[in-house]
Structures are given as structure tokens and as C-alpha cells.
Amino acid sequence: MRRTLVLGAALSAFFILLALLSLVWTPFDHTSLNIPDKLQTPGGTHILGTDHLGRDILSMIMVGARTSIAVALVALAIGLCFGVPLGLIAAMRKGGWLDEFIMRGNDIIFAFPLLVMAILITAVFGPSAVNAIVAFGIFNIPVFARVTRGGALPLWEREFIMAAQVAGKSRAHISVEHILPNVLNLLIVQGTIQFALGIQVEAALSFVGLGVQPPTPSLGRMLADAQTMVGFAPHLAIFPGLAIIGIVLGLNLLGDGLRDALDPRLQRQRT
């Protein structure tokens, strides 16, 4: 458990710090074209080589990681801000018309596969980072609503919640003061999973041309550009691919480690 948590945290921190560093410094200007230096192999001045337009691969990966993380993070925030209150309301009104309305709305959104919905939204409203964020943010809302509701329902049967009701506290007050703190561990773990999924979705949309648009680098578009040149310049696909794998793997390991650390049932089993 501890090794998984440490490895996941280290990998995630590395790529996040790399993305933050790109805000103030990159080895080369990622928008600068230098045709004479195109398709340089890794080593020398360009540590990871250059692409077909002479752009530095390391600089593009740093900015591309920042783009992917920003898109996934904002979409995650949308899911939390709307999904958690909806989940608390549904649990608070279990069995009522409001609970049914919220959960059936979630079912409608889940009826559409994530990538299909994302492609539909970006195809209708145009390819951009904002539309990619909106698409994944909408998908995140029912995810967090279900997690919150599922974690909150058993708590409403607990003695300390009944005591709060007897003390005259409203159901909304109880939800915020007592229920929400007790489902935070579930939300943290689910958040890391959705964060990693957001990285993959952004890369997939950019790969098909519906995500972040040029000249802003994207890890997915770097893979798309490398398709026709992978035979004689494999580094064009290897390094962006490894970056995506590293970010997603780190976040997934972090989520597994946090789940093991925060789940009281697993803690009891270990003791």
C-alpha cells in the first residue's frame, strides 16, 4: 500500500512540476519552427530530439502535459462542484421525486459513452480546449453524484446523524456538517481516477483533432502527427506516449494508494 502511494505520488508530482515549470521556462520556444533541425534524434542540444518542423520535443511535452493537466483539472472541478451537491440532495431525499429525478438524469448521461459524448459536443460546437473541458465536465457530474449518494445513504442510518436530527438540525445542515466530511475519502479517491481519465480523454480528442488546437502543443496531437513518421523517427511517438502513460499510471497508483490508506475496512483487515 505504502509503496503504491509513494510511487503514485512521485510520478504525479514529477509531471505536475514539469507542467508548472513550463509556465516560466522551457528549453526552447515550443512555437518556434526550425526546419533545418527537423527530425533530430535524441541527444545533444535537443535531449529528446525534434519533430518534423524542428520543434523541441521536450519543450512540447512540458507544455502538452500542462495542457492535459489543466483540461482534466478544470473538468474535475466542474464534476465536483455540481455532482457532490446533487449527490447530497439525492441522499437527503432518498425515495422522493427529487432523488428519482437526479438519478434518472445521471442514467441518461451514462447512456452515452464518454468519448462518443465528447466527440459529439466538440463536433457540434467546434474543436477547442473549452469544449473538451465542458464535455468531460458533464460526464464527471453524474460520477460524483453517484459516489456521493452511495457514500451518504448508509450514514443517514447512523446514530450520530439521528442525534443531530433530534437536536433540531435541518437535513441540509446535517449534509454539509456531518455527511460531507465522512464521504471526502471516497471523493478524493474518485477524483484521482477521474483526473487520470481526463488526461486520456484530452489526449484522445486531440488525437482526432477535436481537442486543443495549434499552436498549443498537445500530447495526443503529437502522437497523431507522428503516425506517418514512426518508422524512421520513432522518438516522435515514444516520448509523448511515455508521458501520457506516466501521468495516468501515477494518478492511478496514487488513487489505489489513497483508497488503501483511507478505507477503514482495509485498515482493519491489515491489523
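Presented here is a report on the structure given in the accompanying data block. Just so it is clear, the structure is predicted and the values come from calculations on it, not from any experiment.

**Section: the overall build of the protein**
Next up, step 1: Helix and strand content of the protein: 10 helices and zero strands.
Next up, step 2: Reading the secondary structure of the protein in the N-to-C direction produces α-α-α-α-α-α-α-α-α-α.
Next up, step 3: Here the C-alpha coordinates of the protein stretch approximately 75 × 50 × 30 Å along the principal axes.
Next up, step 4: For the protein, the proportion of its 271 residues judged to be buried stands at 46%.
Next up, step 5: For the protein, long-range pairs separated by at least 24 residues make up 68% of all intrachain contacts whose partners lie at least 6 apart in sequence.
Next up, step 6: Just so you have it, the protein exposes about 13500 Å², and 69% of that area is on carbon and sulfur atoms.
Next up, step 7: Distance between charge centres in the protein, computed from 18 positive and 15 negative side chains, equals 8 Å.

**Examining helix α5 (residues 129-155)**
Next up, step 1: Under the 1.5 Å per step criterion, the end-to-end length of α5 is 39 Å for 27 residues, consistent within 8% with the ideal 39 Å.
Next up, step 2: For α5, the buried fraction is high: 20 of the 27 residues fall into the buried class.

**Topic: the packing of helix α4 (residues 114-125) against helix α7 (residues 171-207)**
Next up, step 1: Contact geometry of α4 with α7 gives a least axis separation of 11 Å together with a crossing angle of 50 degrees. For the element pair α4 / α7, the angle class is oblique. The handedness of the crossing between α4 and α7 comes out as right-handed. Only Leu197, Val201, Ala204 and Leu205 of α7 make contact with α4, whose side of the interface consists of Leu114, Leu115, Ala118, Ile119 and Thr122.
Next up, step 2: Residue composition of the contact of α4 with α7, grouped by class: eight nonpolar, one polar and no charged.

**Here we look at unusual backbone geometry**
Next up, step 1: Following Pro214, the chain continues to Pro215 via a peptide bond in cis, the omega torsion being 10 degrees.
Next up, step 2: Here Pro215 is to be found in the loop between α7 and α8 (219-226).
Next up, step 3: The backbone of Leu39 sits at a positive phi, close to 55 degrees, despite the residue not being glycine.
Next up, step 4: Of note, Leu39 is situated in the loop between α1 (2-21) and α2 (57-92).
Next up, step 5: Since its relative accessible area comes to 26%, Leu39 is described here as partly exposed.

**Remarks on the environment of His46**
Next up, step 1: Looking at the element boundaries, His46 is found in the loop between α1 and α2.
Next up, step 2: Judged by its relative accessible area of 6%, His46 falls in the buried class.
Next up, step 3: Contact partners of His46, with chain neighbours within four places excluded, come to Phe28, Asp37, Gln40, Thr41 and Asp56.
Next up, step 4: For His46, the side chain forms a polar contact with the side chain of Asp56, separated by 2.9 Å.

Conventions used here
Residues numbered from 1 in each chain as written. Predicted model: local features only at pLDDT ≥ 70, side-chain atom pairs only at ≥ 80, totals over all residues. Heavy atoms only, no water. Helix = DSSP H or I, 4+ residues; strand = E, 2+ residues; numbered from the N terminus. Buried < 20%, exposed > 50% of the residue type's maximum accessible area, 1.4 Å probe, protein only. Contact = heavy atoms within 4.5 Å. Areas by Shrake-Rupley, 256 points an atom, 1.4 Å probe, with all protein chains shown as cover. Lys, Arg positive; Asp, Glu negative; His and termini not counted. Charge placed at Lys NZ, Arg CZ, Asp CG, Glu CD. Expected span 1.5 Å × (residues − 1). Axes fitted to C-alpha atoms, helices over the stretch in contact; angles between N-to-C directions. Parallel < 35°, antiparallel > 145°, perpendicular 65-115°, else oblique. Left-handed = near helix turned anticlockwise from the far one by under 90°. Nonpolar A, V, L, I, M, F, W, Y, C, P; charged D, E, K, R; others polar. Polar contact = N/O pair within 3.5 Å; in protein donor to acceptor, adjacent residues only side chain to side chain.

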